[in-house]
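# Structural characterization, general
One-letter residues, chain by chain:
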Amino acid sequence: MNIKEEKSVPNGSGGSTKKWVKTGELDCFVDTPTSSRLVEMKQLGVSFHRDIYFSYGESIPLTSRIEYEGVEYTAAGDAEDQGGMYEVMRLPLKRV
């Protein structure tokens, strides 16, 4: 999975253009949420499409985009520790 951030890239005529540029890779697991999780999050006013699970020590800037299987996502909330064991984090993603 690729992590992208918006950067100013030279446009060839002395100026620059903002583009989403790959800034890193992350070893993770992406899952489709259960129906009950979708309902729970909708009741909280959060719309999302996927959950991403990654190692506790990793960080994903909330302003970045995450590319998975050719589809780009943004964070739909904060990452949370799964089970309180400081091992796995879960982050809800919304399709761009």
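Attention in this report is confined to the structure presented alongside it. (Residues numbered from 1 in each chain as written. Predicted model: local features only at pLDDT ≥ 70, side-chain atom pairs only at ≥ 80, totals over all residues. Heavy atoms only, no water.)

## Some remarks on the overall build of the protein
When helices and strands are counted, the protein shows 1 helix and 8 strands. Reading the protein from its N terminus to its C terminus gives the helix and strand order β-β-β-α-β-β-β-β-β. A principal-axis box enclosing the C-alpha atoms of the protein has dimensions of 50 × 30 × 20 Å. The 96 residues of the protein split such that 25% are buried. Sequence separation of at least 24 residues holds for 44% of the intrachain contacts in the protein that already meet a minimum separation of 6. Per element, the accessible surface of the protein, about 6,300 Å² overall, is 46% carbon and sulfur. Averaged over its 12 positive side-chain charges, the protein has a centre that lies 9 Å from the centre of its 15 negative ones. (Helix = DSSP H or I, 4+ residues; strand = E, 2+ residues; numbered from the N terminus. Buried < 20%, exposed > 50% of the residue type's maximum accessible area, 1.4 Å probe, protein only. Contact = heavy atoms within 4.5 Å. Areas by Shrake-Rupley, 256 points an atom, 1.4 Å probe, with all protein chains shown as cover. Lys, Arg positive; Asp, Glu negative; His and termini not counted. Charge placed at Lys NZ, Arg CZ, Asp CG, Glu CD.)

## Comments concerning the pairing of strand β4 (residues 50–55)
Note that strand β3 (residues 28–31) and β4 share 4 bridges and pair antiparallel. Opposite C28, over in β4, you have F54 as the bridge partner. (Pairing = 2+ DSSP bridges.)

## Overview of the environment of V96
Mapped onto the elements, V96 comes out in the segment after β8 (88–95). When the C-alpha atoms of V96 and V71 are compared, they prove to be 8.0 Å apart, with 25 residues separating the residues in sequence. If near-sequence neighbours (up to four positions away) are discounted, V96 is found in contact with R65, E72, Y73 and T74.

## Things to note about the nonpolar core
Membership of the largest hydrophobic core comes to 13 residues, with the highest contact counts inside it found for L26, I52, F54, I60, I66 and L91. At the level of secondary structure, the elements contributing two or more residues to this core comprise β4, β6 (71–75) and β8. With 3 residues, the top contributor of residues to this core is β8. Beyond its immediate stretch of four places on either side in the chain, L26 contacts M1, I3, I52, F54, E58 and I60. (Core = buried A, V, L, I, M, F, W, Y, C linked by side-chain atoms within 4.5 Å.)

## Details of the side chain of R37
One can find R37 in helix α1 (residues 35–43). Among the residues examined, R37 registers a relative accessible area of 10% and is labelled buried. Beyond its immediate chain neighbours, meaning those up to four positions away, R37 contacts F48, D51, E80, R90 and P92.

## Looking at the side chain of K4
Residue position: K4 is located in strand β1 (residues 2–10). Residue K4 is classed as buried on the basis of its relative accessible area of 13%. At 3.5 Å, the side chain of K4 forms a polar contact with the side chain of E67. Discounting chain neighbours no more than four positions away, the residues touching K4 are W20, V21, K22, T23, S64, R65, E67 and E72. (Polar contact = N/O pair within 3.5 Å; in protein donor to acceptor, adjacent residues only side chain to side chain.)

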